[in-house]
Amino acid sequence: MHFDYVIVGAGFAGSVLAERLATQADKKILIIDKRPHIGGNAYDCLNEDGILIHQYGPHIFHTNSPEVVTYLSQFTEWRPYEHRVLASVDGQLLPIPINLDTVNKLYGFSFTSEELADYFASVGEPVKDIKTSEDVVVSQVGRDLYEKFFRGYTRKQWGVDPSELDKMVTSRIPTRTNQDDRYFTDQFQCMPLHGYTKMFEKMVAHSNIQLMLGTDFKQVKDELSYDELIYTGPVDEYFDFCFGKLPYRSLRFDHQTVDVEDYQPVSVVNYPNDHAYTRITEYKKLTGQEHPKTSITFEYPQDEGDPYYPVPRPENAALYRQYKQLADEQKSVHFVGRLGTYRYYNMDQVVAQALTLYKKLVGADSLQEAI
Ligand code: FAD
Ligand code: UDP
C-alpha cells in the first residue's frame, strides 16, 4: 500500500500531524511507533489496581496559546487543575517556585513582599551576563536558596552542575515575592478529563490513518512506499549519529501502588537534596480519581535509556546545528517534536510546532486556518 505520509512517532507531534493531514487534507497516513501504544511520553493507562497513571512521569497541561487549547478541545474535555509542588528542604515541605511563604517558613522570618524583595536584592549575587542555570538562580535569590532548592536537584536531574547548563533550564522556575504557590501561571491549566491516551485515540481514529505499533521505523523503512516522511524520533539517530551522539537525559520510573488513600499533600513533591530520586508524583491528585489505594512514581535520572530530555548546553546546541543543516537539506523528510528538533519543549509547544508544520505542508496562511 502507498501512503502520502509515513509518520514516525505517535506522540503529540506525530498524532497532531496525522490528524490534520488525514482529516483536513485527505492524506493517507501510516503512523509507526516502536512502543506498543500511542501517546508518546504523554501516554497514560490504568494500572493493575485500576488507577490512572502516567507511564512516563507526570504530565500537566498548561499553555498561553488559545489556538492550542481550541485545537485539542476537539478531542477532549478538560478537568480544571492548577499544579502545586512542594520541595522537601531542611525537614520541611516548602512551596517551589520559591515565594514569600518558602522564605518565611525556611528561615523563620515574617517578611512582607516588599521586605522579601529587599532581601533578595541583598543576597542575590549580581551576574553581569546571565548565561548558566546557576547564574539565573544565584542572581535572583542568592547562594543559600540556590543550594537548598536548585543545585542538588539539577545535579541529580541532569548529571551536571547548573553552572554547566544553559540558563533556560532553571529559568523555567520563576521566583516570587508574593504567596502565589502555583507551579505555572499560564492562562490555561487543565488535565484531559479522561486522560491523555483517550484524547490521542480520538485524534488518530480516522479511516485515512493506519497505525503500526511496536515497530521500529529502521526495521521496516525499506519495505514502505510513501511520498513524504515526518520524523519525530531523535534526529541524530535518523542520521546514524554521523556527527556523533546528541546527549539526552533519561529517567527510570519506579511505579508503586500503596495501600493508603492519600500519600502526600500535593501531586508532586521534589527532593532536591535527599535520595537518588528527584520527585514523587501521586497521580490521583492530578487526575481527581477516587480510589481507596493510591499510585505514586519515583523518578530516578540516568544517562542510559529512552531519550527524555535534550540537554541544553552550548556544545550540544552546536552539534544539533550540524544535524539541523542536514535535516534542512532533506527534501521530503520533515523533523518535528522534542526529539526531532532537539528542544526542551512542553506539550503545548510541540502541538504548536506540529500545527505550524502542518500549515507549511498544506500552505495555510494562519494557525487559525490550520485548526
Ligand atoms: P514523544 O512523546 O517522545 O514521541 C516520540 C515517539 O517516537 C515515541 O513514542 C517513540 O517511541 C517514537 N519513536 C522514536 N524513534 C522511533 C523509531 N525509530 N521508530 C518508531 N518509533 C520511534 N510537557 C508538559 O507540557 N507538561 C508536563 O508536565 C510535562 N512533563 C514531562 C515529564 C517528563 C518526565 C517528560 C520526559 C516530559 C514531560 N513533558 C511535559 C514534555 C512532553 O512529554 C513532550 O513535550 C511531548 O510528549 C513531546 O511529544 P513528541 O511527539 O515530540 O515526542
Ligand atoms: N529545578 C530545581 N529544583 C526544583 C525544581 C526544578 O533545581 O525543585 C530545576 C531543575 O534543573 C529542573 C528545572 O529546574 O530540571 C526545570 O524544572 P521542571 O519542573 O520544569 O522540569 P521537568 O518537569 O521538565 O522535568
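Asks: How do you make sense of the packing of aromatic side chains when you look at a structure like this?
Replies: Describing an aromatic ring pair means giving the distance of the ring centres and the angle of the ring planes. What the rule picks out here adds up to 29 aromatic pairs. Arranged with centres 6.3 Å apart and planes meeting at 50°, the rings of tyrosine 56 and tyrosine 308 form a pair that is tilted. In this pair, tyrosine 56 sits in the loop between strand S4 (52-54) and strand S5 (61-63) while tyrosine 308 sits in the loop between strand S15 (294-302) and strand S16 (309-310), placing the two residues 252 residues apart along the sequence. Ring geometry for phenylalanine 109 versus tyrosine 119: centroids 5.6 Å apart, planes at 70°, classification edge-to-face. Pair noted here: phenylalanine 109 is in the loop between helix H3 (100-107) and helix H4 (113-123) and tyrosine 119 is in helix H4, with a separation of 10 residues, a long-range link. Residue tyrosine 119 is classed as buried on the basis of its relative accessible area, which comes to 18%.

Asks: Honestly, the site of ligand 1 in this entry has me stumped. Any pointers?
Replies: Every one of the 34 residues lining ligand 1 counts as a neighbour, but Asp33, His59, Ile60, Tyr345 and Met347 are closest to it. Residue lysine 34 places a main-chain N or O atom 3.0 Å away from a nitrogen atom belonging to ligand 1. The backbone of tyrosine 345 places a nitrogen or oxygen atom 2.8 Å from an oxygen atom of ligand 1. About the coverage of ligand 1: the protein hides 96% of its 1000 Å² of free accessible area. Broken down by secondary-structure element, the contributors of at least two residues to the shell around ligand 1 are helix H1 (12-24), strand S2 (29-33), helix H11 (337-340) and helix H12 (347-362). Ranked by the residues each element gives to the shell around ligand 1, the list is headed by H11, at three residues. Residues that form the shell around ligand 1 fall into these classes: 17 nonpolar, 10 polar and seven charged.

Asks: How should the site of ligand 2 be read in this particular structure?
Replies: Neighbouring ligand 2 are 15 residues, the closest being Thr154, Arg172, Tyr183, Tyr309 and Tyr344. Between ligand 2 and phenylalanine 150 there is a distance of 3.2 Å, counted from an oxygen atom to a backbone nitrogen or oxygen. A distance of 3.1 Å separates an oxygen atom of ligand 2 from a polar atom in the side chain of arginine 279. Look at ligand 2: alone it shows 520 Å² of surface, and the protein chains cover 93% of it.

Asks: Just checking my understanding: could you explain the nonpolar core for this structure?
Replies: When a protein is soluble and globular, its nonpolar side chains tend to lie buried together. With 105 residues, the main nonpolar core has Phe12 and Phe149 as its most contacted residues. Among the elements that line this core, the one with the most residues is helix H5 (residues 133-158), at nine residues. Shared between two domains, this core holds at least three residues of each, these being domain 1 (2-81 + 188-243 + 310-370) and domain 2 (85-172). If you look at the next biggest cluster of nonpolar residues, it comprises 10 residues, including Leu86, Val258, Tyr271 and Phe298.

Asks: Whenever I open this one, the environment of histidine 255 confuses me. Can you help?
Replies: In this fold, histidine 255 is placed in strand S12 (residues 248-258). Distance in space between the C-alpha atoms of histidine 255 and glutamine 55 is 8.1 Å, their sequence separation being 200 residues. Residue contacts for histidine 255: discarding those within four places in its chain leaves Ile53, His54, Gln55, Tyr283, Ile296 and Thr297. A polar contact is formed between the side chain of histidine 255 and the backbone oxygen of glutamine 55, at a distance of 3.1 Å. A distance of 2.7 Å separates polar atoms of two side chains, one belonging to histidine 255 and the other to threonine 297.

Asks: Whenever I open this one, the environment of serine 122 confuses me. Can you help?
Replies: With respect to the helices and strands, the residue serine 122 is situated in helix H4. Between the C-alpha atom of serine 122 and that of valine 141, which follows or precedes it by 19 residues, the distance is 8.8 Å. Here tyrosine 119 takes part through its backbone oxygen, which lies 2.7 Å from a polar atom of the side chain of serine 122.

Asks: Explain unusual backbone geometry here, please?
Replies: For residues other than glycine, phi is negative in most cases, and the peptide bonds are mostly trans. The omega angle of the peptide bond from isoleucine 96 to proline 97 is 0°, so this bond is cis rather than trans. As for its placement among the helices and strands, proline 97 is situated in the loop between strand S8 (92-96) and H3. Although it is not a glycine, aspartate 240 adopts a positive phi angle of roughly 55°. Along the chain, aspartate 240 turns up in the loop between helix H8 (235-238) and S12.

Asks: What is the right way to read the domain arrangement of the chain from this model?
Replies: In many reports, interface size means the accessible area that the parts give up when they come together. Here the chain is described as being made up of domain 1 (2-81 + 188-243 + 310-370) and domain 2 (85-172). Contact with domain 1, which involves six residues of that partner, is made by eight residues of domain 2. A combined buried area of about 710 Å² lies between domain 1 and domain 2, and 59% of that area is made up of carbon and sulfur atoms. Its largest share of buried area at the contact with domain 2, domain 1 owes to Pro312, Arg313 and Tyr344, together 75% of the area lost on that side.

Asks: Any chance you could explain the sheet that holds S5 here in plain terms?
Replies: The pairing of strands in a sheet happens through backbone hydrogen bonds and is either parallel or antiparallel. Across the sheet, three strands lie side by side as S5-S9-S6; this open sheet has antiparallel pairing. Lying at the two open borders of the sheet, with one neighbouring strand each, are S5 and strand S6 (78-80). Looking at each pair of strands side by side, their axes are set apart by 40° on average, direction ignored. As judged from the three bridges shared by S5 and strand S9 (residues 188-192), these two strands associate in the antiparallel manner. Bridge pairing links threonine 63 to phenylalanine 188 in S9.

Asks: Looking at this structure, I do not really get the environment of glycine 142. What am I missing?
Replies: Summarising the element assignment, glycine 142 is placed in helix H5. In this structure glycine 142 comes out as buried when scored by relative accessible area, which is 1%. Separated by 195 residues in the primary sequence, glycine 142 and glycine 337 have C-alpha atoms spaced 35 Å apart. The residues contacting glycine 142, other than those within four sequence positions of it, are Val123, Gly124 and Val137.

Each value, and the rule that gives it
Residues numbered from 1 in each chain as written. Chains lettered and ligands numbered in written order. Predicted model: local features only at pLDDT ≥ 70, side-chain atom pairs only at ≥ 80, totals over all residues. Heavy atoms only, no water. Phe/Tyr/Trp six-rings, centres within 6.5 Å; stacked < 30°, edge-to-face > 60°. Helix = DSSP H or I, 4+ residues; strand = E, 2+ residues; numbered from the N terminus. Buried < 20%, exposed > 50% of the residue type's maximum accessible area, 1.4 Å probe, protein only. Near = heavy atom within 4 Å. Polar contact = N/O pair within 3.5 Å; in protein donor to acceptor, adjacent residues only side chain to side chain. Areas by Shrake-Rupley, 256 points an atom, 1.4 Å probe, with all protein chains shown as cover. Nonpolar A, V, L, I, M, F, W, Y, C, P; charged D, E, K, R; others polar. Core = buried A, V, L, I, M, F, W, Y, C linked by side-chain atoms within 4.5 Å. Domains from an automatic or database assignment. Contact = heavy atoms within 4.5 Å. Buried area = accessible area lost by both parts, 1.4 Å probe. Pairing = 2+ DSSP bridges. Axes fitted to C-alpha atoms, helices over the stretch in contact; angles between N-to-C directions.

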